[in-house]
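Listed here are the chains, written in short residue letters.
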Number of protein chains: 4
Amino acid sequence: MTQFKEGDAAQFSKTISESDIYLYAGITGDLNPAHIDEKHAEKTFFKKRIAHGMLLGGFISNVIAMKLPGPGTIYLSQSLQFTAPVYIGDTVTATVTVIEIGENYKKLKLETKCINQDGKTVVEGTAIVSPPRGS
Amino acid sequence: MTQFKEGDAAQFSKTISESDIYLYAGITGDLNPAHIDEKHAEKTFFKKRIAHGMLLGGFISNVIAMKLPGPGTIYLSQSLQFTAPVYIGDTVTATVTVIEIGENYKKLKLETKCINQDGKTVVEGTAIVSPPRGS
Amino acid sequence: MTQFKEGDAAQFSKTISESDIYLYAGITGDLNPAHIDEKHAEKTFFKKRIAHGMLLGGFISNVIAMKLPGPGTIYLSQSLQFTAPVYIGDTVTATVTVIEIGENYKKLKLETKCINQDGKTVVEGTAIVSPPRGS
Amino acid sequence: MTQFKEGDAAQFSKTISESDIYLYAGITGDLNPAHIDEKHAEKTFFKKRIAHGMLLGGFISNVIAMKLPGPGTIYLSQSLQFTAPVYIGDTVTATVTVIEIGENYKKLKLETKCINQDGKTVVEGTAIVSPPRGS
């Protein structure tokens, strides 16, 4: 595998389904009515059921684990700011970009961002990972 | 609803099942062999399939959304350090503790930690949330 | 934990998704075409796929186990009358109300009811439970 | 379809998996630690995680909807007594038996029972159904 350089990037996109949100709610136990009660949601600021912000964190984890740096990576830390809601039917693209390379490639700092189909940032933050040896 | 004070805490516990990891993998697309390929996992440092660290982030989201501060909370940010692996069959307890209260209760800083059944910290970090109005 | 009194009540609400019905069908094996075959359903009295009545029984079980009386409760019996259909997209609220308290709080009789978003009763009945000791 | 007679019976059997319990917990929101927290369960009377009693109600619903009387049946009511715990790995057989036939076959009274692999009754009760016309 070739070495990484600053600016390298990889992505994952998915249209958020109701079943994604419902299964995620069941797995994590986060059955907040904002996610699973349409009638409740109508009375909130967001008007509709929204996805769990942390579910989108999983899209970032996907890109890091599968693509950049990929299998063998040790995920050390992640910061996440939840900047806008994601609704059922929105298409979210998670992008991971190398922004800093540690000594001997032992650690990478990654910019991690999720945008919706309109280009609006819905989650952003940074990750620190230890890439697989020899990569 | 009563006001929060520093030191207030709430928890959620779950024994991690294979189906949790597999469904989470399917929802997020994080099909890293470390999570879903037992033969691959045997050759890794961890020896067995491990849960996605970000899945445990969902347990923290659960406690924040459901209990402390509870429904109506706006989740602003979360930092996560992944400090130890979680295996199928481990029982993880997520604890959220109020560590700082902003002016007029507009924001809370929360310590967020997941431990396994042996008391070992597997995920830790902090969250900033805006509690529901009137709470 | 405080003692219960007659009239105490707790609730759970969820918008019924197609995935709820499909997963429930898979778990229980109740693959009745009324639930999973839209073309068949169009020819029935109900015109659309309907949720399993017994799935809503699970919402009642949720409220009893999680809130009233809550964890530690022993669920002794439940009667259910299925009074109206629930469609995909309906929002169902299960309400459990204490209607009778046995000697020394050893048993509680609970009214258990599910209504849809229009206030129509879809399931009703009563439960007998043994609340957790010391509650 | 032939007419029913008293004593007619039908069955469904399934070995209860951890994923059945976990998915059911997620769909219904019944995340009682008795079902999803092995460490908690060890401290209870039952010692291990148990299935939701109401999940077994779904097996009865299965037999009624799929076999006796089968598709087209209108499920009017069900009573359930939860008489013994069901553990992960137990094999449960739900049996539905016709015990009373109403005038003109408009209603049937059914005995509904679930037993485990040792023949122990875990759920029992009765159902009233309106069989499909012409059956």
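Treat the numbers as computed from the prediction; the structure is a model and nothing was measured.

**Student:** Looking at this structure, I do not really get the packing of helix α1 (residues 18-28) of chain B against helix α1 (residues 18-28) of chain D. What am I missing?
**Tutor:** Between two packed helices, both the angle of their axes relative to each other and the distance between the axes serve to describe the pair. Running from amino to carboxyl end, α1 of chain B crosses α1 of chain D at an angle of 60°, the nearest separation of the two axes being 9 Å. For the element pair α1 of chain B / α1 of chain D, the angle class is oblique. Counted together, E18, S19, D20 and L23 of chain B of α1 of chain B and E18, S19, Y22 and L23 of chain D of α1 of chain D form the full contact between these two elements. Residue classes in the contact of α1 of chain B with α1 of chain D are distributed as 3 nonpolar, 2 polar and 3 charged.

**Student:** Teacher, can you tell me more about helix α4 (residues 53-66) of chain A here?
**Tutor:** Structural remark: α-helix, 3.6 residues per turn; residues separated by three or four positions point the same way. All names here are of chain A. Between its first and last C-alpha, α4 extends 21 Å over 14 residues, near the 20 Å set by a 1.5 Å rise per residue. Counting buried positions along α4 gives 12 out of 14 residues, so the element sits mostly inside the fold. Those residues of α4 lying buried are M54, L55, L56, G57, G58, F59, I60, S61, N62, V63, I64 and A65.

**Student:** Teacher, can you tell me more about the relation of the copies chain D and chain C here?
**Tutor:** Two copies of a chain can be linked by a rotation about an axis combined with a shift along that same axis. Note on the copies: chain D fits chain C at an RMSD of 0.1 Å, the axial shift is 0.0 Å, and the rotation between them is 180°. With respect to symmetry, the two chain copies, as superposed, fit the operation of a two-fold axis. Of the C-alpha atoms belonging to chain D, the one lying closest to the rotation axis is found on S79 of chain D, 2.1 Å away. The overlap is high: 100% of the interface residues of chain D also sit at the interface in chain C, so the same surface is used on both sides.

**Student:** What is the right way to look at the side chain of D20 of chain C in this model?
**Tutor:** Within the secondary structure, D20 of chain C sits in helix α1 (residues 18-28). On the accessibility criterion, D20 of chain C (2% relative accessible area) is buried. Those residues within four positions of D20 of chain C in sequence are excluded, and the remaining contacts are Y22 of chain A, K14, T15 and L55 of chain C together with I27 of chain D.

**Student:** Sorry, what's going on with the interface of chain D and chain C here?
**Tutor:** Quite often, the size of an interface is put as the accessible area lost when its parts meet. Between chain D and chain C, the contact holds 31 residues from the first and 31 residues from the second. Summing both sides of the interface, chain D and chain C together bury roughly 2,700 Å²; the carbon and sulfur share of this comes to 64%. The largest per-residue losses of area from chain D upon contact with chain C belong to I27, M54 and F82 of chain D, which jointly make up 24% of the total buried on that side. At the junction of chain D and chain C, the tally comes to 0 salt bridges. Here chain D is connected to chain C by 12 residue pairs in polar contact (both at pLDDT 80 or more). Every element with two or more residues in the side of chain D that touches chain C is listed here: β1 (9-15), α1, α4 (53-66) and β2 (74-82) of chain D.

**Student:** Honestly, the interface of chain A and chain B in this entry has me stumped. Any pointers?
**Tutor:** Contacts between chain A and chain B engage 31 residues on the former and 31 residues on the latter. Taking both partners together, chain A and chain B bury about 2,700 Å²; carbon and sulfur atoms supply 64% of that area. When the buried surface of chain A facing chain B is broken down by residue, I27, M54 and F82 of chain A rank first, second and third, together holding 24% of it. The interface formed by chain A and chain B contains 0 salt bridges. For the interface between chain A and chain B, the tally reads 12 residue pairs in polar contact (both at pLDDT 80 or more). In terms of residues, the side of chain A that touches chain B owes the most to one element, α4 of chain A, which gives 9 residues. Here the side of chain A that touches chain B is built from residues that sort into 16 nonpolar, 12 polar and 3 charged. Direction of pairing for strand β2 (residues 74-82) of chain A relative to strand β2 (residues 74-82) of chain B: antiparallel, over a ladder of 5 bridges.

**Student:** What exactly am I supposed to notice about the relation of the copies chain A and chain B here?
**Tutor:** Laying chain A over chain B is done by rotating through 180° and shifting 0.0 Å along the axis; what remains is an RMSD of 0.1 Å. A share of 100% of the interface residues of chain A reappears at the interface of chain B, consistent with the copies meeting face to face through the same patch.

**Student:** It is not clear to me how the sheet that holds strand β3 (residues 91-101) of chain C should be interpreted in this structure. Could you clarify?
**Tutor:** The pairing of strands in a sheet happens through backbone hydrogen bonds and is either parallel or antiparallel. What the 10 strands build is an open sheet, ordered β1(C)-β3(C)-β4(C)-β5(C)-β2(C)-β2(D)-β5(D)-β4(D)-β3(D)-β1(D); its pairing is antiparallel. With partners counted over all chains shown, the strands left at the sheet margins are β1 (9-15) of chain C together with β1 of chain D, one partner each. Sheet twist, expressed as the mean angle between neighbouring strand axes with direction ignored, is 20°. In this structure, β1 of chain D lies alongside strand β3 (residues 91-101) of chain D, joined through 7 bridges in antiparallel fashion. Pairing of S13 of chain D across the sheet is with T93 of chain D, part of β3 of chain D. α4 of chain D rests against β2 (74-82) of chain C together with β1, β2, β3, β4 (108-115) and β5 (121-130) of chain D of the sheet, and its axis sits at about 140° to β2 of chain D.

**Student:** Can you help me understand unusual backbone geometry in this one?
**Tutor:** Of all residues except glycine, most have a negative phi; of all peptide bonds, most are trans. Here the bond from L68 of chain A into P69 of chain A is cis, since omega is 5°, no more than 30 degrees from zero. Counting through the fold element by element, P69 of chain A comes out in the loop between α4 and β2. In the Ramachandran plot, K47 of chain C falls in the positive-phi region, its phi being about 70° despite a non-glycine side chain. You can see K47 of chain C is positioned in the loop between α3 (38-42) and α4 (53-66). In this model, Y105 of chain C sits at a positive phi of 60°, which is unusual for a non-glycine residue. Secondary-structure assignment places Y105 of chain C in the loop between β3 and β4 (108-115). A relative accessible area of 29% places Y105 of chain C in the partly exposed class.

**Student:** Would you mind going over α1 of chain D with me for this structure?
**Tutor:** Residues and elements named next belong to chain D. With 10 of 11 residues buried, α1 lies mostly within the body of the structure. Of the positions making up α1, those classed as buried are E18, D20, I21, Y22, L23, Y24, A25, G26, I27 and T28. Phi turns positive one or two residues past the end of α1, at G29, with a value near 80°.

**Student:** Can you walk me through the confidence of the model for chain A in this structure?
**Tutor:** Close inspection of predicted coordinates is inappropriate in any region flagged by low pLDDT. Across chain A, the average pLDDT comes to 95, with 97% of residues at 70 or higher. On the interface metric, ipTM, the complex scores 0.96, and its pTM is 0.95.

**Student:** Is there a simple way to think about the side chain of K14 of chain B in this case?
**Tutor:** Examined against the element boundaries, K14 of chain B turns out to sit in strand β1 (residues 9-15). Setting aside residues up to four positions removed in sequence, K14 of chain B forms contacts with G26 and I27 of chain A, D20, F59, D90, T91 and V92 of chain B together with Y22 and I36 of chain D.

**Student:** Help me out: how do you make sense of the sheet that holds strand β1 (residues 9-15) of chain A in this one?
**Tutor:** The strand order across the open sheet formed by 10 strands is β1(A)-β3(A)-β4(A)-β5(A)-β2(A)-β2(B)-β5(B)-β4(B)-β3(B)-β1(B), and the pairing between neighbours is antiparallel. The open sheet has two edge strands with one neighbour each: β1 of chain A together with β1 of chain B. Across the sheet, the mean angle separating the axes of adjacent strands is 20° when strand polarity is ignored. The sheet strands contacting α4 of chain A are β1, β2, β3 (91-101), β4 (108-115) and β5 (121-130) of chain A together with β2 of chain B, and the helix crosses β2 of chain A at an angle near 140°.

**Student:** Looking at this model, I keep getting lost on the packing of α1 of chain C against α4 of chain D. Mind explaining?
**Tutor:** With their axes 9 Å apart at the nearest point, α1 of chain C and α4 of chain D run at an angle of 80° to one another. When the interaxial angle is binned, α1 of chain C and α4 of chain D end up roughly perpendicular. Contacts between α1 of chain C and α4 of chain D involve Y24, I27 and T28 of chain C from the first element and L55, G58, F59 and N62 of chain D from the second. Classifying every residue of the contact of α1 of chain C with α4 of chain D by side-chain character gives 4 nonpolar, 3 polar and no charged.

The rules behind the values
Residues numbered from 1 in each chain as written. Chains lettered and ligands numbered in written order. Predicted model: local features only at pLDDT ≥ 70, side-chain atom pairs only at ≥ 80, totals over all residues. Heavy atoms only, no water. Axes fitted to C-alpha atoms, helices over the stretch in contact; angles between N-to-C directions. Helix = DSSP H or I, 4+ residues; strand = E, 2+ residues; numbered from the N terminus. Parallel < 35°, antiparallel > 145°, perpendicular 65-115°, else oblique. Contact = heavy atoms within 4.5 Å. Nonpolar A, V, L, I, M, F, W, Y, C, P; charged D, E, K, R; others polar. Expected span 1.5 Å × (residues − 1). Buried < 20%, exposed > 50% of the residue type's maximum accessible area, 1.4 Å probe, protein only. Least-squares fit on C-alpha atoms with pLDDT ≥ 70 in both. Buried area = accessible area lost by both parts, 1.4 Å probe. Salt bridge = Lys/Arg side-chain N within 4 Å of Asp/Glu carboxyl O. Polar contact = N/O pair within 3.5 Å; in protein donor to acceptor, adjacent residues only side chain to side chain. Pairing = 2+ DSSP bridges. pLDDT = per-residue confidence, 0-100.

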